Amino acid sequence: MAIPVLTIDGPSGAGKGTVSRAVAKKLGWNYLDSGSIYRSLAIAVLKQGVDLADESAIVSVAQTMALEFDCHDELVVRLDGVDITAKLGLESTGSTASIIAALPEVRRVLLQKQQDFKQLPGLVADGRDMGTVVFPDAKNKVFLTASAAERAKRRYKQLIEKGNDANLPRITTEIEERDRRDSERKNAPLAVAGGALYIDSSEMTLDAVIEEVLNLIR
Ligand code: DC
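The structure displayed is predicted, hence computed values, not measured ones.

So what exactly am I meant to see when it comes to the environment of aspartate 33 here?
Turning to its location among the elements, aspartate 33 is positioned in strand β2 (residues 30-33). Separated by 13 residues in sequence, aspartate 33 and serine 20 have C-alpha atoms that sit 8.5 Å apart. Ignoring sequence-local partners within four residues, the contact set of aspartate 33 consists of Leu75 and Asp126.

Given below as structure tokens:
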């Protein structure tokens, strides 16, 4: 029996995570937060003090790291047995993830880890290249975006709510930098998959976005 897959791609801070989780919960499907795999690798690389220019050292960390995902109500991630959930959302983790995600060999090593999430009764996969590279045969594809200013505002609010330090102008610059890096890289850049439903959430409520995505499945 074919396992249904819904891919939700888009830039950082567009609300993919919240929307994907809500849709997965509503459908009773599994959920892949592919960004958290790149973020986990970033944490491992930073922890081991690996030089970000040393591609083969980064690839070897990717090959040997043991990741466990616990996704019930909240996502809990363990790296080599240690809970790293609290570090996943840090801006430094995200920007390092974006740098190492540009390495083709890193993407190749992490491909199977992502495809393993495709299990019955279905999968909602969120990231940058879910519909273009990881699950090109997915029946339903969404590209979810919002203006950089709106995404920066949302990220700022999220960080403050979690008790982290945050600076709006700096977040805006970081988001624009990350967009550029994720879209301009040669390997699996952020791009709208063929046949994807394009949603600009700048002026939409979360519920309206979730409803639009669920309508696609229905
Ligand atoms: O979605 P996110 O912000 O958690 O992702 C962090 C970084 O990981 C992002 O800037 C680029 C990289 N990434 C990727 O290259 N491909 C994906 N499918 C998901 C994330």
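Read on for the rest.
For this particular structure, what's the right way to read the nonpolar core?
As a rule of thumb, soluble globular proteins bury nonpolar side chains together. The biggest cluster of nonpolar side chains holds 34 residues, and the ones touching the most others in it are Leu32, Leu41, Ile58, Leu79, Val106, Leu110 and Phe135. Secondary-structure elements contributing two or more residues to this core are α2 (34-47), α3 (55-64), β4 (75-79), α5 (91-100), α6 (104-115), β6 (123-127) and α7 (130-134). Residue contributions to this core peak at seven residues, all from α2. Beyond its immediate sequence surroundings of up to four residues, phenylalanine 135 is in contact with Val5, Thr7, Leu32, Gln114, Gln115, Lys118, Leu123, Ala125, Met130 and Lys141. Membership of the second largest hydrophobic core comes to 16 residues, among which are Ile8, Val19, Val124 and Ile210.

Quick question: what am I supposed to make of the site of the ligand here?
Residues in close proximity to the ligand total 16 residues, the closest being Arg39, Arg107, Arg128, Arg178 and Asp182. For the ligand, a nitrogen atom lies 2.9 Å from a polar atom in the side chain of aspartate 129. Within the side chain of aspartate 182, a nitrogen or oxygen atom sits 2.8 Å from an oxygen atom of the ligand. About the coverage of the ligand: the protein hides 96% of its 440 Å² of free accessible area. Residues that form the shell around the ligand fall into these classes: four nonpolar, four polar and eight charged.

Sorry if this is basic, but what is going on with α2 here?
Each turn of an α-helix holds 3.6 residues, which means side chains three or four residues apart point in the same direction. When the terminal C-alpha atoms of α2 are compared, their 20 Å separation across 14 residues agrees well with the 20 Å that a helix rising 1.5 Å per residue should span. Extensive coverage of α2 is indicated by the burial of eleven of its 14 residues. When α2 is considered as a whole, its buried residues turn out to be Ser34, Ser36, Ile37, Tyr38, Arg39, Ser40, Leu41, Ala42, Ile43, Ala44 and Val45. Just downstream of α2, glycine 49 is the residue with a positive phi angle, here 65 degrees.

So, how was this worked out
- Residues numbered from 1 in each chain as written.
- Predicted model: local features only at pLDDT ≥ 70, side-chain atom pairs only at ≥ 80, totals over all residues.
- Heavy atoms only, no water.
- Helix = DSSP H or I, 4+ residues; strand = E, 2+ residues; numbered from the N terminus.
- Contact = heavy atoms within 4.5 Å.
- Core = buried A, V, L, I, M, F, W, Y, C linked by side-chain atoms within 4.5 Å.
- Buried < 20%, exposed > 50% of the residue type's maximum accessible area, 1.4 Å probe, protein only.
- Near = heavy atom within 4 Å.
- Polar contact = N/O pair within 3.5 Å; in protein donor to acceptor, adjacent residues only side chain to side chain.
- Areas by Shrake-Rupley, 256 points an atom, 1.4 Å probe, with all protein chains shown as cover.
- Nonpolar A, V, L, I, M, F, W, Y, C, P; charged D, E, K, R; others polar.
- Expected span 1.5 Å × (residues − 1).

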